[in-house]
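Fold and contact review
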Amino acid sequence: MRNRLTGGVMVVAAVLTFSSLANAQGGYRNTEYDKLNNGPGGPAPKRDFTGTWAGPIAAQNGDTPSFTPEGQKLFSMNKPEAKFHVAGTNDAFVRTCDPLGFPRNIIFEIRGISFANIPDRVIILNQYQRAWREVWTDGRQLPTNVGGTGKDAPDPRYYGYSVGKWVDDYTFVIDTTGLDDKTWLNGAGYPHSIEAHVQERYTRVDHNDLQLTVTVDDPKLYTKPFVLGRAGFKWLPDQQLAEQLCVPSEMVQYLNIIGDPGGNGVPPSK
């Protein structure tokens, strides 16, 4: 019988180790994405991403942002794992498996992603944590009073409120706001406000290749919009994804046995 304690600890340790490697070396090279070599596969169908795609562990880094004074203050309070080690980080995802939130979940642990069309929306499903988002395509506007004091003001969400539209036959643009400001934009600890506006731009360049650029506009914390990351996805021939979860009980075991006792070691970025 499998030793559940050891197995769980090793799984969590592997996830954290690989995430450090991805940050330090530009991506861990043994994912489904790296194994695929399926070529362009012919022209892309028009206005259709339906199906399952394989991605890298993490997107390529985008621009180095310029903070406002408030943004710099918030950024200085965040302690990313790559700099402060597992024992010293205040990253709730690393410590307790809290949701990555958006847009962090679309630039990190993106080994698998699926799209499904419903008449008035597109559903985006992430392999990691089995998280899903609704992107409305019925022409509605984004809410402007998220987190407000009015009785009809919607609450912030880990994955925000999203609307999308096709700008041509192969490019789908998604705009999102209303993000819970407890989350980070990325593993480096970039903060964001509830009013942040995040735009995803997906372009299907051929049948088997999908390109993504993520841009953030948050005037409260950043002096100008910036590209958070870029990623490429490949069509997955068998259309199947494995279950991939961060399990809180296994994280606790990992922290108790390995993470916290080894907290005085050399940080992964060194």
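Each remark here, short or long, concerns the structure printed above.
Here is a short report on the structure shown in this document. Source: prediction; values computed, not measured. (Residues numbered from 1 in each chain as written. Predicted model: local features only at pLDDT ≥ 70, side-chain atom pairs only at ≥ 80, totals over all residues. Heavy atoms only, no water.)

Looking now at the side chain of lysine 234. Checked against the element boundaries, lysine 234 lands in strand β10 (residues 226-235). Among buried charged residues, lysine 234 stands out as having no salt bridge; its nearest opposite-charge side chain is aspartate 209, 6.2 Å away. In this structure the side chain of lysine 234 is engaged in a polar contact, spanning 3.4 Å, whose partner is the backbone oxygen of tyrosine 33. Only 3.1 Å separates the side chain of lysine 234 from the backbone oxygen of leucine 36, close enough to count as a polar contact. Dropping the residues within four chain positions of it, lysine 234 is found in contact with Tyr33, Leu36, Trp53, Ala54, Asn208 and Asp209. (Helix = DSSP H or I, 4+ residues; strand = E, 2+ residues; numbered from the N terminus. Buried < 20%, exposed > 50% of the residue type's maximum accessible area, 1.4 Å probe, protein only. Lys, Arg positive; Asp, Glu negative; His and termini not counted. Salt bridge = Lys/Arg side-chain N within 4 Å of Asp/Glu carboxyl O. Polar contact = N/O pair within 3.5 Å; in protein donor to acceptor, adjacent residues only side chain to side chain. Contact = heavy atoms within 4.5 Å.)

The next point concerns the packing of aromatic side chains. How two aromatic rings sit relative to each other is set out by the distance from centre to centre and by the angle between their planes. Under the definition given, this model contains 15 aromatic pairs. Measuring from ring centre to ring centre gives 6.4 Å for phenylalanine 49 and phenylalanine 172, while their planes differ by 85°; the resulting arrangement is edge-to-face. Of this pair, phenylalanine 49 sits in the loop between α2 (32-35) and β1 (51-54) while phenylalanine 172 sits in strand β7 (residues 171-177), and the two are 123 residues apart along the sequence. Judged by relative accessible area, phenylalanine 49 falls into the buried class, the value being 4%. The class of phenylalanine 172 is buried, set by a relative accessible area of 2%. For the pair tyrosine 190 and phenylalanine 226, a centre-to-centre distance of 6.4 Å together with 80° between the ring planes defines the contact as edge-to-face. Of this pair, tyrosine 190 sits in the loop between β7 and β8 (197-206) while phenylalanine 226 sits in strand β10, and the two are 36 residues apart along the sequence. Across this residue pair, the class does not change: tyrosine 190 and phenylalanine 226 are buried. Connected via pairs of aromatic rings, a cluster forms that spans Phe49, Phe115, Trp166, Phe172 and Tyr202. (Phe/Tyr/Trp six-rings, centres within 6.5 Å; stacked < 30°, edge-to-face > 60°.)

Taken across its 10 residues, β10 has 9 buried, putting it largely inside the fold. One ladder, built from 2 bridges, connects β1 with β10; its direction is antiparallel. Residue pairing in the sheet places tryptophan 53 in a bridge with tryptophan 235 of β10. Direction of pairing for strand β9 (residues 209-217) relative to β10: antiparallel, over a ladder of 8 bridges. Bridging from a neighbouring strand, threonine 213 pairs with arginine 230 of β10. (Pairing = 2+ DSSP bridges.)

Overall, the coordinates contain 1 disulfide when judged by the stated rule. Two residues, cysteine 97 and cysteine 246, share a disulfide whose sulfurs are 1.9 Å apart. Taking the sign of the S-S torsion, about -70° here, the bridge from cysteine 97 to cysteine 246 comes out left-handed. With a gap of 149 residues between them, cysteine 97 in the loop between α5 (92-96) and β3 (112-118) and cysteine 246 in the loop between β10 and α6 (248-259) connect regions that are remote in the sequence. Per residue, the accessibility class of cysteine 97 equals that of cysteine 246, and both read buried. (Disulfide = S-S within 2.5 Å.)

We now examine the packing of helix α4 (residues 81-88) against α6. Where α4 contacts α6, the two axes come as close as 11 Å, and the packing angle between them is 95°. It follows that α4 is roughly perpendicular to α6 by the angle criterion. Seen from α4, the contacting residues are His85, Val86 and Ala87; seen from α6, they are Tyr254, Leu255 and Gly259. (Axes fitted to C-alpha atoms, helices over the stretch in contact; angles between N-to-C directions. Parallel < 35°, antiparallel > 145°, perpendicular 65-115°, else oblique.)

Summed over the entire model, instances satisfying the criterion amount to 10 salt bridges. The partner of lysine 46 in a salt bridge is aspartate 169, and the shortest N-O contact between them spans 3.9 Å. With lysine 46 in the loop between α2 and β1 and aspartate 169 in the loop between β6 (161-168) and β7, this pair connects stretches of sequence that are 123 residues apart. The exposure class assigned to aspartate 169 is partly exposed, which follows from its relative accessible area of 28%.

Attention now moves to the nonpolar core. Ile106, Ile113, Phe115, Ile124, Tyr202, Leu228 and Phe233 are the most contacted members of the largest nonpolar core, which totals 31 residues. Where this core is concerned, the elements lending two or more residues are β3, β4 (121-126), β7, β8, β9 and β10. Residues within four places of tyrosine 202 in sequence aside, it is in contact with Phe49, Ile106, Ile113, Phe115, Ile124, Tyr170, Thr171, Phe172, Ile174, Leu210, Gln211 and Leu212. By size, the runner-up hydrophobic cluster in this structure holds 12 residues, among which are Ile57, Phe93, Val94 and Cys97. (Core = buried A, V, L, I, M, F, W, Y, C linked by side-chain atoms within 4.5 Å.)

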